[in-house]
Protein chains: 2
Amino acid sequence: MRSDLERFFNPKSIAIIGASKDLVTISGQPLSHLVNHGYSGKLYPVNPRYPDILGHKCYASLADVPETPELALILINASRVADMLEQCGKKGVPYVIIFSSGFSEMGGEGVALQQRLGAIAEKYNIGVIGPNCQGLMNVAGKCYAGFGSVFFSDYPAGRVSMVSQSGGFGFSVLSLASLDGGLAFRQMVTTGNEIGVSTLDFIDYFIRDPHTDIIAGYLEGAKDARRITEIGLKAMAAGKPILMWKVGNTDEGQKAAASHTANLGGAMALYQAAFKQTGIIQVEDIQDVVDYGRMFRCGKLPKGNRIAMITVSGGAGILMTDECVSRGMQLAKLAPETVAKLKEFVPSFGSLGNPVDVTAAIFNDLALINRTLQAIVDDPGVDCIALINASLQGEIATKIAHEIVAIAKTTDKPIAAAWSARDVMAKEAYAMLDAERIPHYKSPVRCGRAFAALSGYAEAKRRIEAQRNERPLVLQKTQSKEILNNRVADVAEYEAKKALAEYGIAVTQEELAATREHALAIAKRIGYPVAIKVQSPDISHKTEAKAVKLGLSSDAELAAAYDEVLANAKAYNAKAHIDGVLVQEMLRGGTEAILGIANDPLFGPAVMFGLGGIFAEIMKDVSFRLAPVTLSMAREMIAEIKGYPLLTGARGRAHADIDALADAIVKLSALAIDLKDHVAELDINPLFVMERGKGVKAADALIRPKVKAGN
Amino acid sequence: MRSDLERFFNPKSIAIIGASKDLVTISGQPLSHLVNHGYSGKLYPVNPRYPDILGHKCYASLADVPETPELALILINASRVADMLEQCGKKGVPYVIIFSSGFSEMGGEGVALQQRLGAIAEKYNIGVIGPNCQGLMNVAGKCYAGFGSVFFSDYPAGRVSMVSQSGGFGFSVLSLASLDGGLAFRQMVTTGNEIGVSTLDFIDYFIRDPHTDIIAGYLEGAKDARRITEIGLKAMAAGKPILMWKVGNTDEGQKAAASHTANLGGAMALYQAAFKQTGIIQVEDIQDVVDYGRMFRCGKLPKGNRIAMITVSGGAGILMTDECVSRGMQLAKLAPETVAKLKEFVPSFGSLGNPVDVTAAIFNDLALINRTLQAIVDDPGVDCIALINASLQGEIATKIAHEIVAIAKTTDKPIAAAWSARDVMAKEAYAMLDAERIPHYKSPVRCGRAFAALSGYAEAKRRIEAQRNERPLVLQKTQSKEILNNRVADVAEYEAKKALAEYGIAVTQEELAATREHALAIAKRIGYPVAIKVQSPDISHKTEAKAVKLGLSSDAELAAAYDEVLANAKAYNAKAHIDGVLVQEMLRGGTEAILGIANDPLFGPAVMFGLGGIFAEIMKDVSFRLAPVTLSMAREMIAEIKGYPLLTGARGRAHADIDALADAIVKLSALAIDLKDHVAELDINPLFVMERGKGVKAADALIRPKVKAGN
């Protein structure tokens, strides 16, 4: 497919196929917007009904157009789009935007119609945006190639580029952020049904675009989701934050998955894992994009997560503290020297702690804020600084802004202001801050959230840079592939654990018995007590089938239990094929965990970690990462669940062997990648995590094989 | 104390003590603001340094003022405030606002100084606001009695009244909400250190104020916190929503509590319980007050939580759905008749589900939105309706607004719009909606949140109205009071359980043994297996002391264990007084829960429910209610924890006896109230919840007695 996406934004010539003289309608708008906003290339409206539109000669057909346009906009009825795309192909048009609706979004015949478009695009190597989109806007290059209310206004050019799967919402973001929010955009593109260029393709392009500093995206779902980590890391390396909406979070529906891992690993869990792994910042609302965008525009990153606040309002300081601390930041502890300095001029009824409350005394002593700010900036234990100026306005505001600007120029620590004066009341002050790209926010809450976004991004950057030298474990094994090849039914425990063992994950001592006597012999070798479990590809839920007996402590007990579990298995499913009865050591002590693999059709293999059944299933207290998972990532996965204290000695427990647990996660990740064509889902449940130094052991496992097309 | 708080807002005359001619300073501002905003009463500046200020005669002392002013503003140095308050008292001034800082907020001598103020106020029966506050603003009555940047502007009068413990933040809310947000305020008062009138006093007054419809509050902490439920329910009965900031959430610190209940029941948990019980709506930011306030101003409440959306942008519909569903609303299921109607005019590539997507086709067919809206309004399964108009603007916007207004007038279902056009682009449309108090929001996210706030409030109202006929259980017992009277040390299990039993909560069958032979005799009566536990007021953590043995199944085992636990107890604490050894039945099956009482110094007794140890302690999955707890409230407590499915049959468990559990909570609530002077903390941990029909049983309990002052 064509990858020079820059051509979409700066085409030398555009054919507008289906252009209408009714300039209010969808097909009438694009030509009118291109003309009105000063597009400088050539325009070729195509419509047999008109001789000309807006002074531009109108062509009866695309064939009549005297040159090959670099971009064609298709604005005709869905039923005629395929023919027209074919004509574009024949004419050699390299790039096409299909606006028309009536394809996969309506289901039924629309789906088939859309497939036809895809085939034509491929045949002629056409780069296609859409169908069912609202086009694009290159603000900087004055190419407004789309329709919608937002196109009727002019926008200032900035350095934010956005791609959106929703036209209506995407363009409203551009409009409100650019004009009301003061965060100007460079370009916006809506991708609709994405038969050709995808959201991720455009993000990839924005990373390469030297005039884009900040990337925004609105995503309902990505067909090429497995590229998110690669693209996210690329953006991080380029220093371009990605502000991302991921919507459709409450409508995941139920899957028919065998494993807990797959049940818990719905699309949203995997998107969030991908975002976390790459430092992509999730946003919820338009204001977030404005607030975070303005913060990132300052061009400074904090070296740590310690914030100091200087406030004229105690209350606002508390609000910002709540916001920052609940989002992972820390209140900086001021150095004794700093406190001593502050003591010289902060009023006695103020506060020398952090937040430093200089109080409303600012009205009587204007120098208070900047003297305080300088002292705080000089403190080596402070990574970033918030000034909370309440509603200070007019002349006082201007003087304070002057001091902030002067100090900000001398430091690489990010400084921002929570400043509630209305725009008209502190116009000059705000303009001074804007000119120096010092972010300011109307509420301490918004300022705190923006700082937390910046701080979280900086932390992700440090983490990712540290991980860059970490090689993921790569294992290539053969036995498991042979066992799993062409399997359709769920793989029983004893076979699943053979696969685990091949990749170095410790499993319980066990052996498959074919007869009662065989079972007794195995038990003798392993030593009592033992557990026995009927193994059958037709019985995935052994406990439910009463085909399991635990804690058997003698030959007599084992012999009786052997007959019982086989009888139960028969009663549960008379047709079940029985591989044998697994005789297994009983584990003592340790904490029950669950590890798993969800090999998602879109994302590829992901690894899950959680604590024993109830924590994972009921509390959904689990963590996911897309494979490969390095050792430090595995440690993050372990530490981020709420139940983590249970592994570190809470409630009088022994400290668990977290090293061995992390090692098992890394090995499972290597298995997930090596067997990605063979394993659809995998659960290790439970994995016993023993006390420190004593390792982990898989006590049960289940594999649902990946069934190849044709099976 | 004086309770006619209306006088603060509408005083007939005001003395401004410490008034300054420097009108920019704190002491110079109030007179200037009162004059400039058209205060119509009499003004008496008091300051020996000036003959007059702003044309008002200035008095050398308060004694010189020719009448008794109804309100005095004190703007002098902290050290002189007490004397001046005394002078106010002697002159008979009924109401005083103390602006001066330098009291309890600075600790040390400031605390003593503040206590003196309190004593003087009481002596003379003066109603006091402050100290350390920024005054108040009665916008409607043009009484701007305070200082700060915000006072330099004029505000429109509305029907929102707010009280704030933070002056700087509170007034920034008024300024931004009134002028930028379009939500006009009636009055704002800042309370500072609250030696006299409290935040809750003012909320109580706003409930009685016939010109206030919506109440807002900013609260750091309430010394009279136990009044929150009473005042919250009063506001609910009056139909006045309370929008409340509760800040200081991340700085709770650690308490030295004996029980899990007290450890988990930090201030924030109790505030949140109080808010939940009374329908008080928590807000996070200024925009929330504006958004929710505009929604409540529509004057309509939905009858249920089912929302329908009509959108021109599929993406915006998904965003609003995420927001509403994650906040407890449901997407209405449209009736087949409604869908049939819609089918007549919604384009085939649109969507007839909910959200109904009429698509960008609206540009070509303007009638689409209002025909759709009428059909949705007529659907009996829809409780409220959102229109998502993306950035529609100009003439189209005006026409659509016209239709919305016409339909909204005919229905009592709340209708609101997510409408992203900038103000200048849809001026006429927005004005039409505003005139009819139809809320509109710049983003679907904000619209969704506001709907969720309205829906949550309506749901709380229905719940509270249903609970109004429910009498809380009242029990008055004597034996427990006798046992607990004058106790200082923690009360051991066997005594704590006697208290539980007196209030009708089932406990394990058990008896205290004084000797080994006694223990054997008790075990015979109870039947093996039994547990034994050393009882001592000096050993609260019996397991830690190894003073517990479980599952003893014979006389021999019991005899050996008896000696062992006593030896262990001695080894643990040689000086411990031993009451005896408790011999107790062993419970089998059931789910372990925890019930408890935290008798908070500010809130009074609160009841907690959670599941077994780890869930409560590590996952903090617990629910709180302030006592008294009725049966339906107890059921809410049970159902709201995340682990609830464990009680309703998850993971193949038996359905637990939730009726008995709720009954135990109600009885514990009755105990909490009857023993509120005796019990500081109480844990029942574990409480075994047996399967349906088999009841609950307390297996262990701990009481930390309330130590009376002087003990």
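In what follows, the structure referred to is the one given above.
Residue indices follow the written sequence of each chain, beginning from 1 at its first position. To label them, take the chains in the order written and letter them from A, then take the ligands in the order written and number them from 1. Thresholds applied to this predicted model are a pLDDT of at least 70 for local features of residues and 80 or more for the giving and counting of side-chain atom pairs; totals over whole chains, interfaces and linings are not thresholded and use all residues. To obtain the side-chain values, all non-hydrogen atoms of the structure were used and water was disregarded.

Q: Lay out the overall build of chain A with the relevant residues and their values.
A: Helix and strand labels come from DSSP, where a helix needs a run of H or I of at least four residues and a strand needs a run of E of at least two; each type is numbered from the N terminus. Helix and strand counts for chain A stand at 23 helices and 30 strands. Classification of the 711 residues of chain A by burial places 61% in the buried group. By definition in these notes, contact holds between two residues if any of their heavy atoms fall within 4.5 Å. If you take every contact in chain A between residues at least 6 apart in sequence, the share linking residues at least 24 apart comes to 71%. With the model as given, the accessible surface of chain A reaches about 26,500 Å², and the carbon-plus-sulfur share is 51%. In this tally, Asp and Glu contribute negative charge and Lys and Arg positive charge; neither His nor the terminal groups of the chain are included. Where a charge lies is defined by one atom per residue type, namely NZ (Lys), CZ (Arg), CG (Asp) and CD (Glu). Positive and negative charge centroids in chain A, built from 77 and 78 side chains respectively, lie 2 Å apart. Relative accessibility under 20% of the residue-type maximum defines a buried residue, over 50% an exposed one, and the middle range a partly exposed one, all with a 1.4 Å probe and only protein chains included. For the area figures, the Shrake-Rupley method with a 1.4 Å probe applies, and any residue is considered shielded solely by the protein chains shown.

Q: Requested: an account of the sheet that holds strand β24 (residues 580–585) of chain A, with residues and values cited.
A: Residues and elements named next belong to chain A. Following DSSP output, two strands are said to pair if at least two bridges run between them. The four strands are arranged β21-β24-β22-β23 in an open sheet whose pairing can be described as antiparallel. Unpaired on one side and paired on the other, β21 (510–513) and β23 (548–552) mark the two borders of the sheet. On average, adjacent strands in this sheet sit at an angle of 20° to one another, irrespective of strand direction. Relative to β24, β21 runs antiparallel, the two being bridged by four bridges. In the strand pairing of β24, Leu512 is matched with Leu582. Against the sheet, helix α19 (residues 516–526) makes contact with β21, β22 (530–535) and β24, and its axis sits at roughly 170° relative to β21, the strand it touches most. Every angle, taken between N-to-C directions, lies between 0 and 180 degrees, and every axis is a line fitted to C-alpha atoms, over only the stretch in contact when it is a helix.

Q: Account for the interface of chain B and chain A, naming residues and giving values.
A: How big an interface is tends to be reported as the loss of accessible area on association of its parts. Counting residues at the interface gives 73 residues for chain B, matched by 74 residues for chain A. When two parts are brought into contact, each loses some accessible area as probed by a 1.4 Å sphere; the total of that loss over both is the buried area. Across the chain B/chain A interface, buried area totals approximately 5,800 Å², and carbon plus sulfur atoms make up 63% of it. For this analysis, a salt bridge means a side-chain nitrogen from Lys or Arg found within 4 Å of a carboxyl oxygen belonging to Asp or Glu. Linking chain B to chain A there are four salt bridges. For Arg422 of chain A, the salt bridge identified is with Asp180 of chain B, shortest N-O distance 2.8 Å. Each polar contact in these results corresponds to two N or O atoms within 3.5 Å; when the atoms are within protein, one needs to be able to donate a hydrogen and the other to accept it, and residues that are neighboring in sequence are counted only if both atoms are side-chain atoms. For the pair chain B and chain A, the interface holds 18 residue pairs in polar contact (both at pLDDT 80 or more). For the side of chain B that touches chain A, the secondary-structure elements that each account for two or more residues are α5 (167–180), α11 (314–326), α16 (444–467) and α21 (613–617) of chain B. Each residue is assigned to one class: nonpolar for Ala, Val, Leu, Ile, Met, Phe, Trp, Tyr, Cys and Pro, charged for Asp, Glu, Lys and Arg, and polar for all the others, Gly among them. Its residues assigned to classes, the side of chain B that touches chain A shows 32 nonpolar, 26 polar and 15 charged.

Q: Please provide a residue-by-residue account of the side chain of Asn47 of chain A, values included.
A: Residues and elements named next belong to chain A. Along the chain, Asn47 turns up in the loop between β2 (42–46) and β3 (52–53). On the basis of relative accessibility, which here comes to 8%, the residue Asn47 falls in the buried class. A polar atom in the side chain of Asn47 sits 2.6 Å from the backbone oxygen of Ala19. Residues in contact with Asn47, not counting those within four places in the same chain, are Gly18, Ala19, Cys58, Tyr59 and Ala60.

Q: Which residues make up unusual backbone geometry, and what are the values?
A: Leave glycine aside and you will find that most residues have negative phi; peptide bonds, for their part, are mostly trans. Here the bond from Asn354 of chain B into Pro355 of chain B is cis, since omega is 5°, no more than 30 degrees from zero. Residue position: Pro355 of chain B is located in the loop between α12 (336–343) and β17 (356–357). Here the amide bond leading from Asn685 of chain B into Pro686 of chain B is cis, since omega sits at 5°, within 30 degrees of zero. With respect to the helices and strands, the residue Pro686 of chain B is situated in strand β28 (residues 679–689). At Asn486 of chain A, a residue that is not glycine, the phi angle is positive and equals roughly 60°. Looking at where Asn486 of chain A falls in the secondary structure, it is placed in the loop between α17 (479–484) and α18 (493–502).

Q: Let's hear about the pattern of salt bridges: which residues, and what values?
A: Between side chains of opposite charge, a pair can form when the charged atoms approach closely. Residue and element names in this part refer to chain B. Under the counting rule described, the total for this entry stands at 84 salt bridges over all chains. Asp434 serves as the salt-bridge partner of Arg294, at 3.0 Å between the closest nitrogen and oxygen. Of this pair, Arg294 sits in helix α10 (residues 286–296) while Asp434 sits in helix α15 (residues 427–435), and the two are 140 residues apart along the sequence. With a relative accessible area of 10%, Arg294 lands in the buried category. Relative accessible area serves as the criterion here: at 35%, Asp434 is assigned to the partly exposed category.

Q: Just give me the short version of the packing of aromatic side chains, but keep the residues and values in it.
A: Any pair of aromatic rings gets described here by the distance separating the centres and the angle formed by the planes. All names here are of chain A. Two rings from Phe, Tyr or Trp (for Trp, the six-membered ring) form a pair when their centres sit within 6.5 Å of each other. Planes less than 30 degrees apart are called stacked, planes more than 60 degrees apart edge-to-face, and all others tilted. If you walk through the whole model with that rule in mind, you get 35 aromatic pairs over all chains. Relative to Phe202, the ring of Phe9 lies with its centre 5.9 Å away and its plane at 80°, an arrangement referred to as edge-to-face. Note that Phe9 is positioned in helix α1 (residues 6–9) and Phe202 in helix α6 (residues 199–208), a separation of 193 residues in sequence. The residues Phe9 and Phe202 share a single accessibility class, namely buried. With a centroid separation of 6.3 Å and 50° between ring planes, the pair formed by Phe9 and Phe206 is classed as tilted.

Q: Got a sec to walk through the nonpolar core? Specific residues and values, please.
A: By convention a nonpolar core is built from buried Ala, Val, Leu, Ile, Met, Phe, Trp, Tyr and Cys residues, the set being connected through side-chain atoms within 4.5 Å. Ranked by internal contacts, the top residues of the largest apolar core, which has 110 residues, are Trp245 of chain A together with Phe185 and Trp245 of chain B. For Trp245 of chain A, the residues in contact, after removing those within four places along its chain, are Met162, Phe169, Val173, Gly217, Tyr218, Leu219, Val283, Glu284, Asp285, Ile286 and Val289 of chain A together with Leu319 of chain B. One finds Leu646, Ala656, Leu668 and Ala698 of chain A within the second-largest nonpolar core, a separate group that totals 101 residues.

Q: Go over the pairing of strand β25 (residues 591–600) of chain B with me, naming the residues and quoting the values.
A: Residues and elements named next belong to chain B. With nine of its ten residues buried, β25 lies for the most part within the structure. Both β25 and strand β26 (residues 604–611) contribute to a ladder of eight bridges, which runs antiparallel. Each residue of the ladder has a partner; that of Ile594, found in β26, is Gly610. From the end of β25 to the start of β26, which pair antiparallel, there are three residues.

Q: Provide a residue-level description of the pairing of strand β10 (residues 157–164) of chain B, including the pertinent values.
A: Residues and elements named next belong to chain B. Burial within β10 is extensive, with six of its eight residues counted as buried. Pairing between β10 and strand β11 (residues 185–190): six bridges, direction parallel. Along β11, the bridge assignment pairs Ser161 with Gln187. Note on handedness: a clockwise path from strand one over the helix to strand two, with the strands aimed away from the viewer, defines a right-handed crossover. Chirality of the crossover, the property in question, places the unit of β10, α5 and β11 among those that are right-handed. Relative to strand β12 (residues 214–219), β10 runs parallel, the two sharing five bridges. Residue Ser161 lies in a different strand from β12, and its bridge partner there is Ile215.

Q: Before we move on, can you summarise the relation of the copies chain B and chain A with the specific residues and values?
A: When chain B is fitted to chain A, the residual RMSD is 0.0 Å, and the transformation amounts to a turn of 180° plus an axial shift of 0.0 Å. One copy is carried onto the other by what is essentially a two-fold rotation axis. A shared interface surface links the copies, since 100% of the contact residues of chain B are contact residues in chain A too. What sets the superposition is a least-squares fit of C-alpha atoms, and only residues with pLDDT of at least 70 in both copies go into it.

Q: Kindly report on helix α3 (residues 78–91) of chain A, identifying the contributing residues and their values.
A: Note on helix geometry: an α-helix contains 3.6 residues per turn, so any two residues three or four positions apart are oriented the same way. All names here are of chain A. The end-to-end C-alpha distance of α3 is 20 Å, a good match for the 20 Å that 14 residues give at a rise of 1.5 Å each. Along α3, the positions that sit buried rather than exposed are Ala78, Val81, Ala82, Met84, Leu85, Glu86, Cys88, Gly89 and Lys91. Those residues of α3 hidden inside the fold are in contact with β1 (13–17), β5 (71–74), β6 (95–98), α4 (109–124) and β7 (127–129). Phi turns positive one or two residues past the end of α3, at Gly92, with a value near 85°. What a helix is expected to span follows from its residue count: subtract one and scale by 1.5 Å.

Q: Let's hear about α18 of chain A: which residues, and what values?
A: All names here are of chain A. Along α18, eight of the ten residues are buried, which leaves the element largely enclosed by surrounding structure. All buried positions along α18 are accounted for by Glu493, Tyr494, Glu495, Ala496, Lys497, Ala499, Leu500 and Glu502. Phi for Gly504, located one or two positions after α18, is positive at around 85°.

Q: With reference to specific residues and values, describe a positive patch on the surface.
A: Residues and elements named next belong to chain A. Where like charges cluster on the molecular surface, the positive patch consists of Arg226, Lys676, Lys706 and Lys708. The residue Lys676 is located in the loop between α23 (658–674) and β28 (679–689) in this model. For Lys676, a relative accessible area of 36% translates into the label partly exposed. Only residues whose relative accessible area exceeds 30% and that form no salt bridge are eligible for patches; like-charged ones are grouped when within 9 Å, while nonpolar side chains (Val, Leu, Ile, Met, Phe, Trp, Tyr) are grouped when within 5 Å.

Honestly, it's all geometry; don't read function into it.
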